Amino acid sequence: MQKRVTALPLPFLANDWCDSPQYTQVVKPEKIILYYCFTPLSDPEAIRLWQRTLCEQHDLLGRILISRHGINGTLGGSIASLKRYIKGTREFPGFRVIDFKWSEGSARDFPRLRVRVRDEIVSFGAPDRLIVDERGVVGGGTHLTPSALHELVAQHGDDVIFFDARNSFEAMIGKFKNAVVPDVRTTHDFARELDRGQFDHLRNKTVVTYCTGGVRCEVLSSLMVQRGFTEVYQLDGGIVRYGQEFGDQGLWEGSLYLFDARMHQEFSDAHEVIGRCERCQSPTSQFHNCANLACRKLILLCDECVLDNVSMNCRPSHADLPQSTEGAIRN
């Protein structure tokens, strides 16, 4: 006798499938945090192992550098996971005062998690010239909040010199108005240029150093003080903190270059595009790798020119641009 199979109505199957908790996808809001802390670390390797375990426990991706001078990191993940990471990190006495800066983005902006020990948490090539104690960098510039920076400019006007502590290509798409942008291709070049006296004409000026999140300013301002600069300040929290407070209504112009998949960030819809396409000079803030595999330099191209591979062929000007910065970490 043939067994009869009764089919369930298709609408019932569809509703049953959709309502099943097994197929419910919960989208967790994500962010990116960047931070650094200068504090003496007697065992950087132990800190590395602890930090990697902490990140893996909370499914975070990004990059962390650790040295005997402290820690420097950028991480992406769910907001809840990042908060748990911050809480765990602050349990270490030396990291209790870390200023974690939040930014738009997610773990997808990083290819993997990398936690490494280096001689420096930002590569100036001068680890023995940096003095760090429990309060941070010794002999560095005076910290200025974004509001205090505006007060300084209101008092001294054009006598205030903004000094870009980033690689020169970063300033191609964004910088403080009338800033001094040293012609440096890597952070190592700053120490060499200072030692050569390239900026000695600014030693008696009111100098404000700035960078993405503040860590490069910490080191550079210390090197400048050692060189004999008499009045050195640094923007506390860097461009990120300034942009969060004043957006594009202050002294900043353009976009902020980022060392991850986002590539750049704007602080409002009113931002000015100051970068120019290498081929047609149209406004753009988007860097691309040169199509010439022997070059792979970062070049600025507009949306139209990037569709034409000819525009990405190697040019003599590429000798003045940095190598691809994939995997670099700076704040």
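What comes next concerns the included structure. Just so you know, these numbers come straight off a predicted model, no measurement behind them.

1. As for the side chain of Asn167
One can find Asn167 in the loop between β9 (160-164) and β10 (174-176). A distance of 3.2 Å separates a polar atom in the side chain of Asn167 from the backbone nitrogen of Thr187.

2. What about the sheet that holds strand β12 (residues 231-235)?
Strand pairs in the sheet, formed through backbone hydrogen bonds, run parallel or antiparallel to each other. If you walk across this open sheet you meet the four strands as β8-β12-β11-β9, and the pairing is parallel. Here the strands that pair on one side only, and so sit at the sheet edges, are β8 (142-144) and β9. Taking each pair of neighbouring strands and ignoring which way they run, the sheet shows an average axis angle of 35°. The sheet contact formed by β8 and β12 spans three bridges and is parallel. Of the residues in β12, the one forming a bridge with His143 is Gln234.

3. Concerning the nonpolar core
Within the largest apolar cluster, 27 residues are counted, with the highest numbers of intra-cluster contacts made by Phe38, Phe163, Leu220, Met224 and Phe229. At the level of elements, β1 (30-38), β9, α5 (188-195) and α6 (215-227) are the ones that each hand at least two residues to this core. Per-element accounting of this core gives the leading share, six residues, to α6. Every residue in contact with Leu220, bar those within four places of it in the chain, is listed here: Phe124, Phe163, Ala165, Phe190, Leu194 and Thr209.

4. Some points on the sheet that holds strand β4 (residues 101-103)
Strand order in the open sheet formed by five strands is β4-β1-β3-β2-β5, and the pairing between neighbours is mixed. Among the strands making up the open sheet, the edge pair consists of β4 and β5 (113-117). Across the sheet, the mean angle separating the axes of adjacent strands is 15° when strand polarity is ignored. As judged from the five bridges shared by strand β2 (residues 61-67) and β5, these two strands associate in the parallel manner. Paired with Leu65 across the two strands is Arg116, which belongs to β5. Along the sheet, helix α3 (residues 79-89) contacts β1, β2, β3 (70-78) and β4; its crossing angle with β3, the most-contacted strand, is approximately 155°.

5. Describing the layout of surface pockets
If you add up the space inside the largest pocket, you get close to 430 Å³. Forming the boundary of the largest pocket are 24 residues, of which Tyr36, Arg135, His143, Glu218 and Asp236 lie nearest the centre. Mapped by element, the contributors of at least two residues to the lining of the largest pocket are β1 and β7 (136-137). With three residues, β1 is the largest single contributor of residues to the lining of the largest pocket. Across the lining of the largest pocket, the residue classes tally to seven nonpolar, ten polar and seven charged.

6. Some words on the pairing of β2
In terms of burial, β2 is a largely internal element, six of the seven residues being buried. Pairing of β2 with β3 involves seven bridges; the strand directions are antiparallel. Residue pairing for β3: Arg63 is matched across the bridge by Thr74.

7. Notes on the side chain of Thr284
Checked against the element boundaries, Thr284 lands in the loop between β15 (264-265) and β16 (287-289). Within the local environment of Thr284, its side chain forms a polar contact with the backbone nitrogen of Gln286, the two atoms lying 3.2 Å apart. A polar contact is formed between the side chain of Thr284 and the backbone oxygen of Leu301, at a distance of 3.1 Å. The residues contacting Thr284, other than those within four sequence positions of it, are Ile173, Val273, Gly275, Arg276, Cys277, Leu300, Leu301 and Cys302.

8. Overview of the state of the cysteines
Working definition of a disulfide: a covalent bond connecting the sulfur atoms of two cysteines. This structure, assessed with the given rule, holds zero disulfides. Free of any disulfide, Cys280 has its nearest cysteine sulfur in Cys302, 3.7 Å distant. Using a relative accessible area of 35% as the deciding quantity, one classes Cys280 as partly exposed.

About the cut-offs
- Residues numbered from 1 in each chain as written.
- Predicted model: local features only at pLDDT ≥ 70, side-chain atom pairs only at ≥ 80, totals over all residues.
- Heavy atoms only, no water.
- Helix = DSSP H or I, 4+ residues; strand = E, 2+ residues; numbered from the N terminus.
- Polar contact = N/O pair within 3.5 Å; in protein donor to acceptor, adjacent residues only side chain to side chain.
- Pairing = 2+ DSSP bridges.
- Axes fitted to C-alpha atoms, helices over the stretch in contact; angles between N-to-C directions.
- Core = buried A, V, L, I, M, F, W, Y, C linked by side-chain atoms within 4.5 Å.
- Buried < 20%, exposed > 50% of the residue type's maximum accessible area, 1.4 Å probe, protein only.
- Contact = heavy atoms within 4.5 Å.
- 1 Å grid on protein atoms, 1.4 Å probe; cavity = no way out; pocket = protein on both sides within 12 Å on 5 of 7 lines; lining within 4 Å.
- Points joined across faces, edges and corners; volume = space filled by probe spheres on them.
- Nonpolar A, V, L, I, M, F, W, Y, C, P; charged D, E, K, R; others polar.
- Disulfide = S-S within 2.5 Å.

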